[in-house]
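# Structural overview
Spelled out, the chains give:
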Amino acid sequence: YTLNDGKITVNGKGASPSDGRLLLVHSYGESYEVEVNIELNENSHGGLVLFYAENAYTGITYDGENIYIHRDGVETETRPNIYGVGCKIKLVNYRGMLDMYFNNHVVAQELNAAELNHNRLGNFLSLCPALVAIGDTPTQFVDFSYKSL
């Protein structure tokens, strides 16, 4: 990745968050909010997920036309973007219950992110917020924020 003029640029790869390029952030505490604006290039696809492992993540990705909701490591829903220009994704994890927002509109509520843990999945990993870049071209992330709740 590169950081220039307040933008984090991540080169894309793969076809989903499981094989895309991730930039993870360690989370502190059990309740937090992460938010980022995403600028896409042609053929890029980016997002914000809570990542445990390649087969265990939940969050939102966007390809310029469609919003993809991911849960338990799979894409569970595809929606056309009816929420306006640009891409602002926010994930609010409150004690394992996750709300997801796209351009300030709720797209999923009260998903159980607490089930992404060692007792269920093994490996002693942490559930971490992650910027994800998918596809053949770079994705730019702007105004990333992390806030403990």
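Note that this is a predicted model, so its numbers are computed, not measured. (Residues numbered from 1 in each chain as written. Predicted model: local features only at pLDDT ≥ 70, side-chain atom pairs only at ≥ 80, totals over all residues. Heavy atoms only, no water.)

## Describing the confidence of the model for the protein chain
Counted only if it meets this: Per-residue confidence from the predictor is reported as pLDDT, a score between 0 and 100. Each helix is a run of DSSP H or I of at least 4 residues and each strand a run of E of at least 2, with the numbering of both proceeding from the N terminus.
Per-residue pLDDT for the protein chain averages 86, and the proportion of residues at 70 or more is 89%. Per-element confidence in the protein chain is highest for strand 2 (residues 7-10), whose mean pLDDT is 96, and lowest for helix 1 (residues 118-121), whose mean pLDDT is 50.

## So, the nonpolar core
It is characteristic of soluble globular proteins that their nonpolar side chains tend to be buried jointly. Condition: Here, the term nonpolar core denotes a set of buried Ala, Val, Leu, Ile, Met, Phe, Trp, Tyr and Cys residues that are joined through side-chain atoms within 4.5 Å. Each residue gets one of three labels from its accessible area relative to the maximum for its type: buried under 20%, exposed over 50%, partly exposed in between, using a 1.4 Å probe on protein chains only. Residues count as neighbours in contact if any of their non-hydrogen atoms are within 4.5 Å of one another.
Residues I89, L91, M100 and F102 are the most contacted members of the largest nonpolar core, which totals 29 residues. The contacts of M100, once residues within four sequence positions are left out, are G59, I60, I69, K90, L91, H105, V106, V107, A108 and L111. Core analysis: the second largest hydrophobic core is formed by six residues, V49, F51, Y57 and A130 among them.

## With respect to the pairing of strand 10 (residues 97-102)
Using the following cut-off: For two strands to be treated as a pair, DSSP must find no fewer than two bridges joining them.
Burial runs high along strand 10: five of the six residues are buried. The loop that links strand 9 (residues 88-94) with its antiparallel partner strand 10 comprises two residues; one of these, R95, has a positive phi angle of about 55 degrees.

## Re unusual backbone geometry
A negative phi angle characterises most non-glycine residues, just as the trans form characterises most peptide bonds. In this structure, R95 takes a positive phi of about 55 degrees despite not being glycine. For R95, the position within the fold is in the loop between strand 9 and strand 10. Residue classification places R95 among the exposed positions, given a relative accessible area of 57%. Although it is not a glycine, D143 sits at a positive phi angle of roughly 60 degrees. In this fold, D143 is placed in strand 13 (residues 139-148).

## Description of the side chain of K90
Tracing the backbone through its elements, the reader meets K90 in strand 9. Other than its neighbours up to four places away in sequence, K90 contacts E33, V34, E35, D99, M100 and Y101.

## Points about the packing of aromatic side chains
Operational definition: Stacked, tilted and edge-to-face are the three classes assigned to paired rings of Phe, Tyr and Trp, where Trp is represented by its six-membered ring and a pair needs centres within 6.5 Å; plane angles under 30 degrees give stacked, over 60 edge-to-face, the rest tilted.
The tally for this structure, following the rule as stated, stands at four aromatic pairs. Taking 6.1 Å as the distance between ring centres and 15 degrees as the angle between the ring planes, the aromatic pair formed by F51 and Y57 counts as stacked. In this pair, the class of F51 matches that of Y57, namely buried. Measuring from ring centre to ring centre gives 6.1 Å for Y83 and F102, while their planes differ by 55 degrees; the resulting arrangement is tilted. Note that Y83 is positioned in the loop between strand 8 (74-80) and strand 9 and F102 in strand 10, a separation of 19 residues in sequence. Each member of the pair, Y83 as well as F102, carries the same accessibility label: buried. Chaining the aromatic ring pairs together yields one cluster made of Y62, Y83 and F102.

## Topic: the environment of D99
As for its position among the elements, D99 is in strand 10. In contact with D99, not counting residues within four places along its chain, are K90, L91, V92, A108, Q109 and E110.

## Some details on the environment of L3
With respect to the helices, strands and loops of the structure, L3 is situated in strand 1 (residues 2-4). In this structure L3 comes out as exposed when scored by relative accessible area, which is 61%.

## Concerning the pattern of salt bridges
Using the following cut-off: When a carboxyl oxygen of Asp or Glu lies within 4 Å of a side-chain nitrogen of Lys or Arg, that pair is called a salt bridge.
Within this structure, the stated rule accounts for four salt bridges. A salt bridge links R95 to E30; the nearest nitrogen and oxygen atoms lie 3.3 Å apart. Residue R95 is located in the loop between strand 9 and strand 10, and its partner E30 is located in the loop between strand 3 (21-24) and strand 4 (31-40); the two are separated by 65 residues in the primary sequence. Taken individually, R95 and E30 each receive the classification exposed, so the pair is uniform in this respect.

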